[in-house]
Amino acid sequence: MLLVEDDELMRRSFTVALERYGYRVKAAADGLTGLELFRDEGFDLLILDVLLPGLDGIGLCRRVRETSLVPVLMMSARGDGLDVVAGLEAGADDYVVKPVDTYVLVARIRSLLRRATYAPAPVSGRPAGADGPPPPEGEPLVFGDLTIDTAGLEVFVSGSPVALTPTELKLLLEFAAHPGTVLERHTLLRDVWEYGWDGDSRVVDLCVQRLRRKLGRDRIETVRGFGYKLRR
């Protein structure tokens, strides 16, 4: 994985801690160096501090998202709510607030890596009350112009492929497993982000916003005061 953190003490401590858990870590002290390393080498996960010299973490995340769907975990100083939102809007999958305990950081990393290799259980996209049997296992799920190939983990809108990050894909598959059913934010935090505690619902809201930009604004409906549902 690639860690981009400008504070030398934090960079070293994070690297040592993660290596003790068996991860191979390459570190950079600024955004431009991090971008060069990302382009030159393959990484299965990026950890980006928001405040970086040269190219900040939000800008770096945007540059990464131009070519890659690699999981991205943002780190923000305590109280920087706007930075959290900007990082998630830029395409980050999750964030942690510094200072962060190593076990929390490792838990988030493990969750992101599981999402990157996610294999969904068979689900039926047949609307409730529809005639006929559900699609055979492995058959694409179809919701209007939206098609989800659960075997190949590909998504199409009007026949054109749509690139989703692992988190966006898992969120969409969670909606597809319960079409027409309202899913509360805390349920999505538990089942998609694997939070074992109350998390920040902004993670859900902003990931839904990114899905809407890619799939069409009307595909996922907001049910005020409750959560979201996938329109059949």
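Structure: above.
Residues numbered from 1 in each chain as written. Predicted model: local features only at pLDDT ≥ 70, side-chain atom pairs only at ≥ 80, totals over all residues. Heavy atoms only, no water.

Participant: How should I be thinking about the sheet that holds strand S4 (residues 72–77) in this particular structure?
Facilitator: Within a sheet, each strand pairs with its neighbour through backbone hydrogen bonds, oriented either parallel or antiparallel. Here five strands make up an open sheet; going across it, the order is S2-S1-S3-S4-S5 and the pairing parallel. Sheet topology places strand S2 (26–28) and strand S5 (94–98) at the edges, where each strand pairs with a single neighbour. Here the average twist between neighbouring strands, direction ignored, is 20°. Sheet analysis places S4 next to S5, joined by five bridges and oriented parallel. Paired with leucine 73 across the strands is aspartate 94, a residue of S5. (Pairing = 2+ DSSP bridges. Helix = DSSP H or I, 4+ residues; strand = E, 2+ residues; numbered from the N terminus. Axes fitted to C-alpha atoms, helices over the stretch in contact; angles between N-to-C directions.)

Participant: What is the right way to look at the pattern of salt bridges in this model?
Facilitator: It is possible for side chains bearing opposite charge to pair when their charged atoms get close. For the coordinates displayed, the defined rule picks out 15 salt bridges. In this structure, the salt-bridge partner of lysine 98 is aspartate 49, at a minimum N-O distance of 3.0 Å. Separated by 49 residues along the polypeptide, lysine 98 in strand S5 and aspartate 49 in strand S3 (residues 46–49) bring together distant segments of the chain. Both residues of the pair, lysine 98 and aspartate 49, belong to the buried class. (Salt bridge = Lys/Arg side-chain N within 4 Å of Asp/Glu carboxyl O. Buried < 20%, exposed > 50% of the residue type's maximum accessible area, 1.4 Å probe, protein only.)

Participant: Help me understand the environment of arginine 210 in this model?
Facilitator: For arginine 210, the position within the fold is in helix H8 (residues 202–215). Overall, the relative accessible area of 5% leaves arginine 210 in the buried class. A sequence separation of 42 residues divides arginine 210 from glutamate 168, and the C-alpha atoms of the two residues are 7.9 Å apart. A distance of 2.7 Å separates a polar atom in the side chain of arginine 210 from a polar atom in the side chain of glutamate 168. (Polar contact = N/O pair within 3.5 Å; in protein donor to acceptor, adjacent residues only side chain to side chain.)

Participant: Before we go on, may I ask you to explain the packing of helix H1 (residues 8–20) against helix H5 (residues 102–116) in this structure?
Facilitator: Packed helix pairs are characterised by how far apart their axes lie and by the angle those axes make with each other. Where H1 contacts H5, the axes come no closer than 11 Å and their chain directions differ by 65°. With respect to the hand of their crossing, H1 and H5 are arranged in right-handed fashion. When H1 is examined against H5, the residues Phe14, Ala17 and Leu18 are found in contact with a partner set consisting of Thr102, Leu105, Val106 and Ile109. Partitioned by chemical class, the residues of the contact of H1 with H5 number six nonpolar, one polar and no charged. (Left-handed = near helix turned anticlockwise from the far one by under 90°. Contact = heavy atoms within 4.5 Å. Nonpolar A, V, L, I, M, F, W, Y, C, P; charged D, E, K, R; others polar.)

Participant: What exactly am I supposed to notice about H5 here?
Facilitator: Each turn of an α-helix holds 3.6 residues, which means side chains three or four residues apart point in the same direction. Taking 1.5 Å per residue as the helical rise, H5 with its 15 residues ought to reach 21 Å, and the 21 Å between its terminal C-alpha atoms agrees with that figure. Listed in full, the buried residues belonging to H5 are Val104, Leu105, Val106, Arg108, Ile109, Ser111, Leu112 and Arg115. As for H5, its buried residues are in contact with H1, S3, S4, S5 and helix H6 (166–176). (Expected span 1.5 Å × (residues − 1).)

Participant: Any chance you could explain the side chain of glutamate 168 here in plain terms?
Facilitator: For glutamate 168, the location among the structural elements is in helix H6. Judged by its relative accessible area of 1%, glutamate 168 is buried. Aside from chain neighbours lying at most four places away, what touches glutamate 168 is Ala163, Cys207, Arg210, Leu211 and Lys214.

Participant: Any chance you could explain the environment of threonine 117 here in plain terms?
Facilitator: Mapped onto the elements, threonine 117 comes out in the loop between H5 and strand S6 (141–143). Distance from threonine 117 to proline 166, taken between C-alpha atoms, is 8.0 Å for residues 49 residues apart in sequence.

Participant: Teacher, can you tell me more about the sheet that holds S6 here?
Facilitator: Spatially, four strands are ordered S6-S7-S8-S9 in an open sheet, and the strand pairing comes out antiparallel. Strand pairing shows two members of the sheet lacking a second neighbour, S6 and strand S9 (160–162), which therefore form its edges. The sheet shows a mean angle of 25° between the axes of neighbouring strands, direction not considered. When S6 meets strand S7 (residues 146–149), the two strands line up antiparallel, connected through three bridges. Bridge pairing in S7 places leucine 141 opposite isoleucine 148.

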